[in-house]
Amino acid sequence: MSPVKRYKGNPILTRNDVPYHVATVHNAGITKYGDKYIMLFRAHLHNGRSIIGIAESTDGYKFKVRKEPFLVPATGGIFSEYEEYGVEDLRICHMPDEGYLLTYSGYSRHGVRIILARTLDFISVERIAPISQADMRNVVIFPRKINGQYARLDRPHSEISPWSVWISYSPDLIHWGNSKVVMKPMTYHWDEMKIGPGATPVYTDKGWLHIYHGAFSTMDGSVYRLGAALHDLKNPEKIIGISDEWILQPEDPWEVTGYVHNVVFTCGAVPEPDGTLKIYWGAADTVMCAGTADINSLVDMCVKKSRPPY
Ligand code: BMA
């Protein structure tokens, strides 16, 4: 049985909830902001390119979409060159001293790279810098400095060391280095084709809990599932354990069928004071869903029956 209990009212957000013309609502970053939950979701426009919309909720399930999108491709300067084809799959990292850090994929004729932006109020947004070269996606920043440095997980596109999760460090959030591979797809396993960082890692007293995605190639296309990994608190490049079993797979009709079928893909999860984790996922690249899992149970899955990092 899946450790993730699906919310009964899924899907929680669809294009019908959006007051402007979009084809999908998926792959949303999530955070708590004051007494609200804020969701920054990806939406395909009817030209096939993506923008980021914003929705708010008081209970984490019933969201209201604001009238205007939150982030659309930049129209001037360096950012416009790298966001020409759209902005996608945004993650939110809250750090008390930094505000809300946003990392998203900028697509352009030069490929895909990650842009860092920041907001303090979810009204205005300041782009800070592109923080990767081309062919990088899925950047999640750890919400605490580690040994005096910022740390992030990311996922280069590569057929040689196929689609693996790496870690990098930075003194200033802009310049990143000291990169190391931490986790790779596992042959003949549910995540054998590619893996990538999912939600912003969650602090637990046993380690950083990271919900990631893994893809498996079938005769009918690939299946995207979610898994859990536990990273050492002081040295997150050390993995304590990775659950051998996935934690969520496409099962509901809107997860199995849609714009891209058989996809559950997360960009955000919110830890709650009662020890549960609200996990949010894009289903079939078409709608947003939510569910809860017990944080300790996810940690146990990582530790008790663990697959090697590579
Ligand atoms: C990945 C990304 C995600 C998407 C997923 C399934 O490669 O493009 O944005 O949700 O594929 O289509």
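Further up the page is the structure itself.
The model shown is predicted, which means the values in this text are computed figures rather than measured ones.

Colleague: Can you break down the pattern of salt bridges residue by residue, with the values?
Modeller: Within this structure, the stated rule accounts for 22 salt bridges. Salt-bridge contacts for Glu84 lead to Arg109; the nearest nitrogen and oxygen are separated by 2.4 Å. You can see Glu84 sitting in the loop between helix H1 (77-83) and strand S6 (86-95) and its partner Arg109 sitting in the loop between strand S7 (99-108) and strand S8 (111-119), a full 25 residues away along the chain. Across the pair Arg137 and Glu88 runs a salt bridge, and its minimum N-O distance is 3.7 Å. Here Arg137 is found in strand S10 (residues 136-141), whereas its partner Glu88 is found in strand S6, with 49 residues between them in sequence. The class of Arg137 is buried, set by a relative accessible area of 9%.

Colleague: Talk me through the sheet that holds strand S19 (residues 264-271); I want residue IDs and the actual numbers.
Modeller: Pairing is antiparallel across the open sheet formed by four strands, whose spatial order is S1-S21-S20-S19. The sheet terminates laterally at strand S1 (5-6) and S19, the two strands that pair on one side only. Bridging between S19 and strand S20 (residues 276-283) involves six bridges; their strand directions are antiparallel. Looking at the pairing, Val264 lines up with Ala283 of S20.

Colleague: So what's going on with the site of the ligand? Which residues, and what values?
Modeller: As a matter of local geometry, the ligand sits amid Asn27, Arg42, Asp89, Arg137, Lys194, Tyr224, Val260, Val263, Phe265 and Asp285. Within the side chain of Asn27, a nitrogen or oxygen atom sits 2.9 Å from an oxygen atom of the ligand. In this structure, an oxygen atom belonging to the ligand sits 2.6 Å away from a side-chain N or O atom of Asp89. Burial of the ligand by the protein chains amounts to 81% of its free accessible area of 300 Å².

Colleague: Break down the side chain of Ser50 for me, with residues and values.
Modeller: Structurally, Ser50 can be placed in strand S4 (residues 50-57). At a separation of 3.0 Å, a polar atom in the side chain of Ser50 contacts the side chain of Arg42. Ser50 has contacts with Arg42, Ala43, His44, Pro73, Tyr85, Gly86, Val87 and Glu88, leaving out every residue within four places of it along the chain.

Colleague: Can you break down the packing of aromatic side chains residue by residue, with the values?
Modeller: Tallied over the entire structure, the rule returns 11 aromatic pairs. Measuring from centroid to centroid gives 6.3 Å for Phe70 and Phe122, while their planes differ by 40°, and the two rings are tilted. Here Phe70 is found in the loop between strand S5 (64-65) and H1, whereas its partner Phe122 is found in the loop between S8 and strand S9 (126-130), with 52 residues between them in sequence. Classification of Phe70 by relative accessible area gives buried; the value is 9%. Between Trp190 and Tyr212, the ring centres sit 5.7 Å apart and the planes meet at 25°, which makes this aromatic pair stacked. Note that Trp190 is positioned in the loop between strand S13 (177-183) and strand S14 (194-197) and Tyr212 in strand S16 (residues 207-218), a separation of 22 residues in sequence. Through a chain of ring-to-ring contacts, three or more aromatic side chains come together here, namely Tyr33, Phe70, Tyr100 and Phe122. When the ring centre of Trp176 is taken as origin, the NZ or CZ atom of Arg152, which lies over that ring, is 4.8 Å away.

Colleague: Any chance you could break down the sheet that holds S13 for me, citing the residues and the numbers?
Modeller: Spatial strand order, S10-S11-S12-S13: four strands in an open sheet with antiparallel pairing. In this open sheet, the two edge strands, each paired with only one partner strand, are S10 and S13. Strand-to-strand twist across the sheet, computed as the mean angle between neighbouring axes with direction ignored, equals 30°. Summarising the sheet, S10 and strand S11 (residues 150-156) pair through four bridges and their orientation is antiparallel. Within S11, the position partnered with Val140 by the bridge is Leu153.

Colleague: How would you explain the nonpolar core if you had to name every residue and give the values?
Modeller: Among the nonpolar cores identified, the biggest contains 24 residues, and Leu209, Ile211, Ile247, Leu277, Ile279 and Trp281 are the most heavily contacted of them. Those elements giving two or more residues to this core turn out to be S16, strand S17 (221-231), S19, S20, strand S21 (287-294) and helix H3 (295-304). For this core, the element with the highest residue contribution is H3, accounting for five residues. Those residues within four positions of Leu277 in sequence are excluded, and the remaining contacts are Val202, Leu209, Ile211, Ala269, Val270, Pro271, Gly291, Thr292, Ala293, Ile295 and Leu298. Among the nonpolar cores identified, the runner-up in size contains 21 residues, and Val25, Tyr37, Ala43 and Val270 belong to it.

Colleague: An account of the pairing of S6 is needed here, citing residue identities and associated values.
Modeller: Looking down a regular strand, the side chains alternate between one sheet face and the other. Among the 10 residues of S6, nine are classified as buried, and the element is accordingly described as predominantly covered. As judged from the eight bridges shared by S6 and S7, these two strands associate in the antiparallel manner. Counterpart to Cys93 in the pairing with S7 is Leu101. Remark: three residues form the turn of the hairpin made by S6 and S7, two consecutive strands paired antiparallel.

So, how was this worked out
Residues numbered from 1 in each chain as written. Predicted model: local features only at pLDDT ≥ 70, side-chain atom pairs only at ≥ 80, totals over all residues. Heavy atoms only, no water. Salt bridge = Lys/Arg side-chain N within 4 Å of Asp/Glu carboxyl O. Helix = DSSP H or I, 4+ residues; strand = E, 2+ residues; numbered from the N terminus. Buried < 20%, exposed > 50% of the residue type's maximum accessible area, 1.4 Å probe, protein only. Pairing = 2+ DSSP bridges. Near = heavy atom within 4 Å. Polar contact = N/O pair within 3.5 Å; in protein donor to acceptor, adjacent residues only side chain to side chain. Areas by Shrake-Rupley, 256 points an atom, 1.4 Å probe, with all protein chains shown as cover. Contact = heavy atoms within 4.5 Å. Phe/Tyr/Trp six-rings, centres within 6.5 Å; stacked < 30°, edge-to-face > 60°. Lys NZ or Arg CZ within 6 Å of the ring centre and 35° of its normal. Axes fitted to C-alpha atoms, helices over the stretch in contact; angles between N-to-C directions. Core = buried A, V, L, I, M, F, W, Y, C linked by side-chain atoms within 4.5 Å.

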